[in-house]
Amino acid sequence: MADARAIRHAAAVLGEAGDGPAVVVVSAMAGVTDALLSIGDLAARGETAAALEHSAALRARHVETAKGLLAAGPRRAEMLASVAEAFGELDGLVRSLRFVRELTPRTSDVVVSRGERLSALLLALHVAEAGRAARFVDATEVVHCDDHFGQASPDYARTDRAAQRALRPLLAKGIVPVVPGFLGLAPTGDVATLGRGGSDLTAALLARALGAAGVSLWKDVPGFLTADPRVVPDARVIPALHTREAAELAYYGAKVLHPRALTPLAGKRIPLRVRPFADPSAPGSEVSDRVSADRLPVKAISSAGGQALVTVAGNGMLGVPGIAARTFAALQARRISVSLISQASSEHSICFSVPEARAAEARTALAAEFRDEIARREIDGVEVRHGMAALAVVGLGMAGTPGVAAGVFSALASADINIVAIAQGSSELNISVVVDGAQAAEAQRRVHAAFQLARIGGGTVARPGRTDVVLLGFGQIGRLLGQLVPTAGRGQAELRIVAAIDRSGLVFDPRGLSKSRLARLAAEKERGRSLAEAPGGLACTPAEAVARVGERALSRPILVDVTADETTPVLALGLEAGMDLVLANKRPLAGPAAGARALRLAAEAVGRRLKHETTVGAGLPVIDTFHKLLESGDRIERIEGCLSGTLGFLLWEIGRGRRFSEALRIAMAEGYTEPDPRDDLSGMDVGRKALILARLLGYGGELPASAVESLVPAKARALDRKAFLDRLEEFDAAWEQRAAQAAHEGRVLRYVATVTRSAIEVGLRAVDRQSPFAALKGADNTVVFTTKRYHTNPLVITGPGAGPAVTAAGVLNDILALAGA
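Rules and cut-offs
- Residues numbered from 1 in each chain as written.
- Predicted model: local features only at pLDDT ≥ 70, side-chain atom pairs only at ≥ 80, totals over all residues.
- Heavy atoms only, no water.
- Axes fitted to C-alpha atoms, helices over the stretch in contact; angles between N-to-C directions.
- Helix = DSSP H or I, 4+ residues; strand = E, 2+ residues; numbered from the N terminus.
- Parallel < 35°, antiparallel > 145°, perpendicular 65-115°, else oblique.
- Left-handed = near helix turned anticlockwise from the far one by under 90°.
- Contact = heavy atoms within 4.5 Å.
- Nonpolar A, V, L, I, M, F, W, Y, C, P; charged D, E, K, R; others polar.
- Buried < 20%, exposed > 50% of the residue type's maximum accessible area, 1.4 Å probe, protein only.
- Pairing = 2+ DSSP bridges.
- Salt bridge = Lys/Arg side-chain N within 4 Å of Asp/Glu carboxyl O.
- pLDDT = per-residue confidence, 0-100.
- Arc of directions from axis to C-beta.
- Polar contact = N/O pair within 3.5 Å; in protein donor to acceptor, adjacent residues only side chain to side chain.
- 1 Å grid on protein atoms, 1.4 Å probe; cavity = no way out; pocket = protein on both sides within 12 Å on 5 of 7 lines; lining within 4 Å.
- Points joined across faces, edges and corners; volume = space filled by probe spheres on them.

Undergrad: Explain the packing of helix α12 (residues 404-413) against helix α13 (residues 440-450) to me, please; I cannot follow it from the model alone.
TA: What describes two packed helices is the angle between their axes and the distance between those same axes. Here α12 crosses α13 at 130°, and the two axes come no closer than 9 Å. Judged by the angle between their axes, α12 and α13 are oblique. Note on packing geometry: the crossing formed by α12 with α13 is right-handed. For the pair α12 and α13, contact is made by Gly407, Val408, Ala411 and Leu412 and by Ala443, Arg446, Val447 and Ala450, respectively. Its residues assigned to classes, the contact of α12 with α13 comprises 6 nonpolar, 1 polar and 1 charged.

This is the structure we're talking about:
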């Protein structure tokens, strides 16, 4: 109910529900409740002018919405009069509070009640103006509650009678009652608010009173999800869950609805549906007692952060009756809510979690309660451990399913997450653990994956090892991977390619693309046909393809980028969908520093892994060696390398006496070069590799144009590709002279990149024959690490550095490393 547009949408949702009897419960316009509370606080502090200024702004917002929603006439006049009356009363209250200087819960409820009342009247008048009979019914006419202002509890019996008396006659006449949520009538005759989730609670109360066929709660979320999607990217909507499951999830932090909203429906067999307000056609989640346990025991994970673990311990507690009762009575007296309780069978200690903001108060209350026992050293004291999070694994089918608890603990142990406390009831509806708050996000991701909750609707303990591969790019390397991956394995790990994507579109099968089908696709690509034109192909952009694939419940998905395009936005979509990344494409990591850093941070934020061995040395373990050196405690001072198999082959052949033109044509025939060999001769490919290495060392800048020496002759740069190739012989003499000069000095020509934390240098060098670079042959690469440990004798890695087969093998190694982890 943010504005006039949202209120129109709410009326449209009501219209799509049909002409049957319906009661509508309405929340305040977005932000209005907080604004009203702020006005009350300002007034109580004596800041009358500021409070009145905020009140005027809020009044203007409601007037503007009314004028944008209702045509000039009696209905608009009624609405504007109600706004004037509501804010006139508020301004009078603000002025009186400057003398009292106190905002009691009773007065606060009076202040905030006008938010729901005005939004409900706006909707009722708009629906009536659109041609459907509707009437505003004040909440105090239908909802009765106690006088615990700010957090009132409903009186079911009185509410049942009042709602039937006020609403049934209207429904019988085909009139839609529009009721403000969040409010009720206290025994004193004052308005009281129902606390967090109050509008949901109002809807459930009225559904109970009227014996409704169902309740739909229209939210800004798609329904109950298997986990918080901000933490677990592959969280999925749960189609149906039991009332008890929903209550557990809501209690442990799921913000979909408050558990109190489910209480009125207990035993009434009235289903409640949580549906997305933005997409009325989506089914959302059904919550009811009709849902039974099935073969998928775990439904979802919820986490409550900002917790403190309080422990009362001591040998004097052993066998002493009433310790637990006194503990929780002391907390109840302070109205401190406990989210989790754990007690050892020895009764030596009781520990429980409370909101961190109340931890000091809890400790004070317990220290006072047990001061005599502490003085006698029967109780050691009250210990508080801050920065905790309570993680709940919820599912009605957990009872009687062996291995669920073991699956939870194994998932956490695999990530070295320490469990501080455990609680589990005999019903096994909920296994709750307390972990360090900093590890809560990773804990959720690990448990979510272990129980395959991305398989929509719940899961069971994952069998080890299947990994789904999504190929972004279906050129030479992608086509080679298509033949390598389906037959690859590591222990029990099973790999399958489920999607192939090119610039034109997508071929996708969640069951996996067979080797024969991938071979047919490769053959079609070599004949010039795109994937969109292939059988089962879909025309779309790469971003649309990744988003579409990401909507499906894949098993441990890996997005493999074997393009040469700027794909950072597409990779970000993959991360959001819960995919790990393997890159052979250098551009995302060798582009602007901010983009490369953002990609790494995005992966870390959602707990996904990024491997990119082939961006530097094709199949050589350059990145792996870098990380192993760091892990061993070494310090890397400088990295040097001949990082282009193409240029390495070219210079080796020239050094053997072959003419430049002939050597380049052989390199092209062997598939070492890009279609236009000037892309290799420019040195930019080596420059990008050098930048990736430099950024690993801590270099924070961009690649200076002056840092890379181009080997393309100046007069050849403006030629088209054919003209350049036709004139290759013109450049032979210059290269012959360079090679002869180097040989005269006892040296050989090599194209070398040198990187440190502060500088990058890439270019042609005449190296001494004792240099490790001098021994290079053919398309081999060499990388030299000079470190604190390997200073006098640097660490040298040499091997094949060019060709689709070598690169495909390196990519496969990265995939296997992720699949086997």
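Having seen the structure, we can now continue with the description.
Undergrad: Would you explain unusual backbone geometry in this entry?
TA: Trans peptide bonds make up most of the peptide bonds, and negative phi angles are found at most residues other than glycine. Positive phi, normally seen in glycine, also occurs at Arg335, with a value near 55°. Its place among the elements puts Arg335 in the loop between α9 (323-333) and β11 (340-343). For Arg335, a relative accessible area of 56% puts it in the exposed group. For Arg377, which is not a glycine, the phi torsion comes out positive at approximately 60°. Examined against the element boundaries, Arg377 turns out to sit in the loop between α11 (371-375) and β13 (381-394). The exposure class of Arg377 is exposed, given its relative accessible area of 72%.

Undergrad: Honestly, the pairing of strand β9 (residues 285-288) in this entry has me stumped. Any pointers?
TA: Every regular strand shows the same layout, with side chains that alternate between the two sheet faces. Residues of β9 alternate between two faces, with Ser285 and Val287 on one and Glu286 and Ser288 on the opposite face, all of them buried. Two elements, strand β7 (residues 240-242) and β9, share 3 bridges in a ladder whose sense is parallel. Looking across to β9, one finds that Leu241 is bridged to Val287. The pairing of strand β8 (residues 272-276) with β9 spans 3 bridges and is classified as antiparallel. Bridge pairing in β9 places Leu272 opposite Val287.

Undergrad: I'm lost on the pattern of salt bridges in this one. Help?
TA: Note on pairing: side chains with opposite charge can pair once their charged atoms come close. Scanning all chains against the criterion turns up 40 salt bridges. As a salt-bridge pair, Asp190 and Arg106 come within 2.4 Å of each other at their nearest N and O atoms. Of this pair, Asp190 sits in the loop between β4 (183-185) and β5 (191-193) while Arg106 sits in helix α5 (residues 105-129), and the two are 84 residues apart along the sequence. Taking the relative accessible area as the measure of exposure, Arg106 reaches 37% and is therefore partly exposed. Between Glu524 and Arg527 there is a salt bridge whose closest N-O contact spans 2.4 Å. Judged by its relative accessible area of 59%, Arg527 falls in the exposed class.

Undergrad: Would you mind showing me how to read the confidence of the model for the protein here?
TA: The predicted structure's coordinates, where accompanied by low pLDDT, should not be read in detail. When pLDDT is averaged along the protein, the result is 89; 95% of the residues meet or exceed 70. Confidence, expressed as mean pLDDT per element, reaches its minimum in the protein at strand β17 (residues 489-490) with 43 and its maximum at strand β3 (residues 176-180) with 97. Note on residues 457-464: pLDDT is under 50 here. Beyond four places in sequence and across chains, it has 30 contacts. The model gives residues 488-492 a pLDDT under 50, and that stretch makes 10 contacts with residues more than four places away or in other chains.

Undergrad: Looking at this structure, how should I read the sheet that holds strand β14 (residues 419-424)?
TA: Strands in a sheet are paired, the pairing made by backbone hydrogen bonds, and the direction either parallel or antiparallel. Taken in spatial order, the 6 strands make up an open sheet running β11-β12-β10-β13-β15-β14, and their pairing is antiparallel. The open sheet is flanked by β11 and β14, the only strands paired with a single partner. Taking each pair of neighbouring strands and ignoring which way they run, the sheet shows an average axis angle of 30°. Relative to strand β15 (residues 430-436), β14 is paired through 5 bridges, and the arrangement is antiparallel. Within β15, the residue paired with Ala421 across the bridge is Val434. Strand contacts of helix α10 (residues 359-369): β10 (300-313), β12 (349-355) and β13, with the helix running at about 125° to β13, the strand carrying the most contacts.

Undergrad: Honestly, helix α23 (residues 660-669) in this entry has me stumped. Any pointers?
TA: Each α-helix turn comprises 3.6 residues. Residues three or four places apart therefore point the same way. Phe660, Ser661, Ala663, Leu664 and Ala667 are the residues of α23 that are buried. Each buried residue of α23 lies within a common arc of 165° when the element is viewed along its axis, so the set occupies one face. Where α23 is buried, its residues touch α22 (645-655), α24 (678-681), α26 (721-726) and α27 (732-744).

Undergrad: In this structure, what is going on with the environment of Ser281? I would like to understand it.
TA: On the secondary structure map, Ser281 appears in the loop between β8 and β9. You can call Ser281 exposed: its relative accessible area is 65%. A polar atom in the side chain of Ser281 sits 2.7 Å from the side chain of Asp279.

Undergrad: Explain the environment of Val507 here, please?
TA: Its location among the elements puts Val507 in strand β19 (residues 505-508). For Val507, a relative accessible area of 0% corresponds to the buried category. In sequence terms Val507 and Gly537 are 30 residues apart; their C-alpha atoms lie 4.7 Å from each other. Beyond its immediate sequence surroundings of up to four residues, Val507 is in contact with Val498, Ala499, Ala500, Leu513, Arg517, Leu521, Leu531, Ala534, Gly536 and Gly537.

Undergrad: What am I meant to see in the side chain of Thr243 here?
TA: With respect to the helices and strands, the residue Thr243 is situated in helix α8 (residues 243-251). Accessibility expressed as a relative area gives 16% for Thr243, which makes it buried. For Thr243, the residues in contact, after removing those within four places along its chain, are Leu262, Val287, Ser288 and Asp289.

Undergrad: Whenever I open this one, the sheet that holds strand β6 (residues 215-219) confuses me. Can you help?
TA: Taken in spatial order, the 4 strands make up an open sheet running β6-β8-β9-β7, and their pairing is mixed. Looking at the sheet topology across the chains shown, the edges are occupied by β6 and β7. Here the strands of the sheet are splayed against their neighbours by 20° on average, with no regard to which way each runs.

Undergrad: Is there a simple way to think about empty space enclosed by the protein in this case?
TA: Vacant regions in the atomic arrangement are exposed by a probe of water-molecule size rolled over the atoms. Under the criterion given, the structure shown has 2 cavities of 30 Å³ or more. By volume, the largest cavity amounts to about 60 Å³. Contributing to the lining of the largest cavity are Thr243, Leu262, Leu265, Ala266, Lys268, Arg269, Ile270, Val287, Ser288 and Asp289. The residue makeup of the lining of the largest cavity, split by class, is 5 nonpolar, 2 polar and 3 charged. Volume-wise, the second largest cavity comes out at about 50 Å³. Lining the second largest cavity, in full, are Asp234, Arg236, Ala454, Val549, Gly550, Arg552, Leu554, Pro557, Ala577 and Met579.

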